[in-house]
Amino acid sequence: MDIQTIRQNTPGVTHVVHFNSAGASLVSQQVLDAQIDYLKNEARFGGYETAAKHKAQLEEFYLEAAKLINASPEEIAFTESATVAWQRAFFSIPFKKGDTILTTKAEYASNFISYLYLKKDKGINIKVIPSNSVGEIDLQKLEESIDESVKLISVTHIPTNGGLVNPAEKIGKLAKKHNILYLLDACQSIGQYPIDVNKIGCHFLSATGRKYLRGPRGTGFLYVNKNVLTSLNPFNLDLHSANWVKPDAYEARTDAKIFETWESGLAAKIGLTQALKEANSFGMDNIWQRVVQLSQYLRSELEKIEDVKVTDIGAVQSGIVTFTTSVKASQLKEALNAKGFNTVVSHKSSTLLDMEDRNLEEVVRASVHYYNTEQEVDDLTAALRQIF
Ligand SMILES: Cc1ncc(COP(=O)(O)O)c(C=O)c1O
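Just so it is clear, the structure is predicted and the values come from calculations on it, not from any experiment.

Draft legend 1. Focus on the site of the ligand. Among the 13 residues in the neighbourhood of the ligand, the closest are listed as Thr83, Asp185, Thr208, Arg210 and Lys211. Note that an oxygen atom of the ligand is positioned 2.5 Å from one of the side-chain N or O atoms of Thr83. Here an oxygen atom of the ligand and a side-chain polar atom of Thr208 are 2.6 Å apart. Computed on the free molecule, the ligand has an accessible area of 400 Å², of which 90% lies beneath the protein chains in the complex.

Draft legend 2. Quick peek at the pattern of salt bridges. Counted under the stated rule, the structure contains 16 salt bridges. For Arg290, the salt bridge is made with Glu374, and the minimal N-O distance between the two is 3.8 Å. Pair noted here: Arg290 is in helix α11 (residues 284-303) and Glu374 is in helix α14 (residues 374-387), with a separation of 84 residues, a long-range link. A relative accessible area of 31% means that Glu374 is categorised as partly exposed. Residues Glu362 and Lys328 are paired through a salt bridge, measuring 3.4 Å at the closest nitrogen-oxygen approach. Of this pair, Glu362 sits in strand β15 (residues 362-367) while Lys328 sits in the loop between β12 (320-324) and α12 (329-338), placing them 34 residues apart in sequence. Glu362 gets classed as buried once you look at its relative accessible area, which sits at 16%. By relative accessible area, Lys328 is classed as partly exposed at 47%.

Draft legend 3. Inspection of the nonpolar core at higher detail. Among the nonpolar cores identified, the biggest contains 56 residues, and Ile69, Ile76, Ile153, Tyr182 and Phe221 are the most heavily contacted of them. Considering each element in turn, this core owes the most residues, 6 residues, to helix α4 (residues 55-69). There are two domains that each give this core at least three residues, and those are domain 1 (3-26 + 284-387) and domain 2 (30-281). The next biggest cluster of nonpolar side chains, apart from the first, holds 24 residues, and it includes Ala77, Leu183, Phe204 and Ala256.

Draft legend 4. The arrangement of the state of the cysteines in detail. Counted by the stated rule, this structure contains 0 disulfides. With no disulfide partner, Cys202 has as its closest neighbouring cysteine sulfur the one in Cys187, 15 Å distant. Residue classification places Cys202 among the buried positions, given a relative accessible area of 1%.

Draft legend 5. Representation of the pairing of strand β3 (residues 100-104) in the model. Here β3 lies mainly inside the structure; 5 of its 5 residues are buried. The two faces of β3 match: Thr100, Leu102 and Thr104 on one face and Ile101 and Thr103 on the other face are all buried. Judged from the 5 bridges that link them, β3 and strand β4 (residues 125-129) form a sheet pairing that is parallel. Bridge assignment links Thr103 to a residue of β4, and that residue is Val128. Handedness of the crossover is the feature at issue here: the chain leaves β3, passes through helix α6 (residues 109-122), returns alongside β4, and the resulting connection is right-handed.

Draft legend 6. Spotlight on α14. Taking 1.5 Å as the rise per residue, α14 with 14 residues should run 20 Å; its terminal C-alpha atoms sit 20 Å apart, in good agreement. Burial in α14 covers these residues: Glu376, Val377, Leu380, Thr381, Ala383 and Leu384. One side of α14 carries all its buried residues, which in axial view fall inside an arc of 155 degrees.

Draft legend 7. Structural detail: the pairing of strand β6 (residues 181-185). Where burial is concerned, most of β6 is hidden: 5 out of the 5 residues are buried. Alternating residues of β6 divide into Leu181, Leu183 and Asp185 and Tyr182 and Leu184, and every residue in both groups is buried. Taken together, strand β5 (residues 150-156), helix α8 (residues 168-177) and β6 form a β-α-β motif whose crossover is right-handed. Pairing geometry for β6 and strand β7 (residues 204-208), over 3 bridges, is parallel. Each bridged residue has a counterpart across the sheet, and for Leu183 the counterpart in β7 is Phe204.

Draft legend 8. Structural view of the packing of aromatic side chains. Inspection of the entire model under this criterion finds 15 aromatic pairs. When the ring of Phe61 is compared with that of Tyr62, the centres are 4.9 Å apart and the planes differ by 80 degrees; the resulting orientation is edge-to-face. Grouping residues by exposure puts Phe61 and Tyr62 together as buried. Taking the centre distance of 5.4 Å and the plane angle of 70 degrees together, the rings of Phe112 and Tyr115 count as edge-to-face. With Phe112 and Tyr115 both in helix α6 and 3 residues apart, the pair spans about one turn of that helix. In terms of burial, Phe112 and Tyr115 fall into one category: buried. Through a chain of ring-to-ring contacts, three or more aromatic side chains come together here, namely Trp86, Phe90, Phe91, Phe95, Phe112, Tyr115, Tyr117 and Phe235. In this arrangement the basic side chain of Lys257 is found over the ring face of Tyr62, its NZ or CZ atom lying 4.1 Å from the centre.

Draft legend 9. Geometry of unusual backbone geometry. A positive phi is found at Asn179, a non-glycine position, where the angle reads about 55 degrees. By the element assignment, Asn179 lies in the loop between α8 and β6. Residues other than glycine seldom take positive phi values, yet Asn359 does so here, at roughly 60 degrees.

Draft legend 10. Spatial organisation of the environment of Trp288. For Trp288, the position within the fold is in helix α11. Sequence separation of Trp288 and Tyr193 is 95 residues, and the distance between their C-alpha atoms is 5.4 Å. Non-local contacts of Trp288, meaning those with residues more than four positions away in its chain, are made with Val165, Gln192, Tyr193, Pro194, Val316, Gln317 and Ser318.

Thresholds applied
Residues numbered from 1 in each chain as written. Predicted model: local features only at pLDDT ≥ 70, side-chain atom pairs only at ≥ 80, totals over all residues. Heavy atoms only, no water. Near = heavy atom within 4 Å. Polar contact = N/O pair within 3.5 Å; in protein donor to acceptor, adjacent residues only side chain to side chain. Areas by Shrake-Rupley, 256 points an atom, 1.4 Å probe, with all protein chains shown as cover. Salt bridge = Lys/Arg side-chain N within 4 Å of Asp/Glu carboxyl O. Helix = DSSP H or I, 4+ residues; strand = E, 2+ residues; numbered from the N terminus. Buried < 20%, exposed > 50% of the residue type's maximum accessible area, 1.4 Å probe, protein only. Core = buried A, V, L, I, M, F, W, Y, C linked by side-chain atoms within 4.5 Å. Domains from an automatic or database assignment. Disulfide = S-S within 2.5 Å. Pairing = 2+ DSSP bridges. Right-handed = clockwise from strand over helix to strand, strands pointing away. Expected span 1.5 Å × (residues − 1). Arc of directions from axis to C-beta. Phe/Tyr/Trp six-rings, centres within 6.5 Å; stacked < 30°, edge-to-face > 60°. Lys NZ or Arg CZ within 6 Å of the ring centre and 35° of its normal. Contact = heavy atoms within 4.5 Å.

The following block contains the structure:
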């Protein structure tokens, strides 16, 4: 990858040292321009008229998202966030009392809150599979937990609070073997890790635009495998996802757009399409290789600082680097921010089970993307040394 050209096309890198791609990445000039141009057209010619004129360009979103994850365009729905994508999929599954959901220790708060809601509302069971010695979901325990009550395996691929990469493909093999629905939260992995839904074997995958994909805020998408589409019960039907054909009848769509609603931010969709094109043209294997190399470099440099403890787990580690020090995480984040470095604090409540298990209250998260440089890593660790 030509990092110098990529940086020339990323206006943010001249203003900040951005180690927060797991929060929201810096967008490229082209992603910015695509949105501004579209907004200008809306202002000049009208929103509906601009959408009609850009019909083909707006459809490109589905082609690019499908290409990125090796799906077909009919299996993609555009949403305003990963949470909306995840919830539309999750709440479309016809759960009944006594059904069981198998999940992981590193589960994201919003997902777990939905499990708890369904437990209260419908009497489903939640079973959290323990982690193995390196911190991944324990596959043997996962298989041992499968019985006839298990309706769904629901897993966060890469959690919000560290480098862990859960073995999505191996989980998929078990889901297939036992014929169980499989929902993968790929919010933190999309755009950094090469995802092939056919290899993974998930039935649903939720993704966000603003993080490693480098798209605009307020965007996301959902993948739904075409073989399960007609067995679901989406709650969000409107005149886009269904057609009102008789006073007492409607016909629902049969593709993944059944999970969309009519109105959406089309300038943002155009921006996300451009971001997807960039990810597809760089190639996910190249992106992953660069992200792993830089994040391992950051981890090894952090480990050289006496007061720093790297808290990442997992056999395979992503671009999300986390650590604790003797300084409170929120204070350290502010001190780094004052020196021009963007990081964030990941709090216990975002991944409660994992943080409790590891006795962590909060960690500083410095997430690395391909547009970061070795020099920026050195500058960050030098700044940390100055703070201590
Ligand atoms: C693992 C995980 N899942 C889901 C989400 C929610 O994504 P969004 O804010 O796009 O809804 C996040 C956000 O940080 C996350 O880390």
